[in-house]
Amino acid sequence: MIKAVVVQISESGARIRTSYSAVPDHFYVVLGNYEYFMGATVFHRSKDEIEVEFIKSQPSRFVNVLSRVQFPLATIHDLKSVLEAD
């Protein structure tokens with residue numbers, strides 16, 4: 001398991017910051033307390049960031065909620081009310 005910070009996210013991919021240099025080319029981005037998994041493929045690497053493409057496009061509503069998370073250790077349960085609100 002590698003801890004990282006999602007710097008930018010969209011329906012199709014993300015930019016992720018990590019100090020771990022041996023991130024594999026294919027992996028899962030795991031959110032919350034192992035509550036949500038997104039398959040990802042690395043398409044660009046730099047010194048401390050990677051850019052990934054998700055194997056399956058993510059729902060816009062979910063991405064919009066994630067992009068506004070203030071507390072980085074929030075669980076999907078914490079976000080459930082926001083995701084269910086109309």
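Preceding block: the structure.
How each quantity is defined
Here, residues in each chain are numbered from 1, in the same order as that chain's written sequence. Given that the model is predicted, a residue must reach a pLDDT of at least 70 before its local features are reported, and side-chain atom pairs must reach 80 or more before they are shown or counted; all residues, however, enter totals for whole chains, interfaces and linings. Calculation of side-chain values draws on the structure's entire complement of heavy atoms; hydrogens and water are dropped beforehand. Classification of residues uses two cut-offs on accessible area relative to the type maximum, computed with a 1.4 Å probe and protein chains only: under 20% is buried, over 50% is exposed, and between them is partly exposed. Runs of H or I in DSSP of at least four residues are treated as helices and runs of E of at least two as strands, each being numbered from the N terminus. Within this analysis, the arc is defined by the directions that extend from the helix axis to the C-beta atoms. Here, nonpolar core refers to any group of buried Ala, Val, Leu, Ile, Met, Phe, Trp, Tyr and Cys residues whose side-chain atoms link them within 4.5 Å. Whether two residues are in contact is decided by their heavy atoms: any pair within 4.5 Å suffices. Strand pairing is assigned whenever DSSP detects at least two bridges linking the two strands. Each salt bridge in this description consists of a side-chain nitrogen of Lys or Arg and a carboxyl oxygen of Asp or Glu lying within 4 Å of one another.

J.: Whenever I open this one, helix H1 (residues 60–67) confuses me. Can you help?
T.: Since one α-helical turn is 3.6 residues long, residues separated by three or four positions face the same way. Among the residues making up H1, those that are buried are Phe62, Val63, Val65 and Leu66. Viewed along the axis of H1, the buried residues span an arc of 160 degrees, placing them on a single side of the element.

J.: In this structure, what is going on with the nonpolar core? I would like to understand it.
T.: A general feature of soluble globular proteins is that nonpolar side chains tend to end up buried together. Judged by nonpolar contacts, the single largest core of 14 residues is most densely connected at Ile16, Phe27, Val29, Ile50, Val52 and Phe54. Secondary-structure elements contributing two or more residues to this core are strand E2 (13–17), strand E3 (26–31), strand E4 (36–45), strand E5 (49–54) and H1. Discounting residues that sit within four places of it in the chain, Phe54 has contacts with Ile9, Ser10, Glu11, Ser12, Gly13, Ala14, Val29, Met38, Gly39 and Ala40.

J.: Hey, could you run me through the pairing of E2 in this one?
T.: Each regular strand shows side chains that alternate between the opposite faces of the sheet. Bridging between strand E1 (residues 5–9) and E2 involves 4 bridges; their strand directions are antiparallel. Residue pairing across strands places Val5 opposite Arg17, the latter belonging to E2. In this antiparallel pair of consecutive strands, E1 and E2, the connection spans 3 residues. Pairing analysis gives 5 bridges linking E2 to E5, with the strands arranged antiparallel. In the strand pairing of E5, Gly13 is matched with Glu53.

J.: Just checking my understanding: could you explain the pattern of salt bridges for this structure?
T.: Pairing is possible between side chains of opposite charge, provided their charged atoms come close. By the definition in use, this model includes 3 salt bridges. Among the ionic pairs, Arg45 bridges to Asp25, the shortest N-O distance being 2.7 Å. Of the two residues, Arg45 sits in strand E4 while Asp25 sits in the loop between E2 and E3, which places them 20 residues apart along the sequence. Counted as one network, the salt bridges with shared partners bring together Arg15, Arg17 and Glu49.

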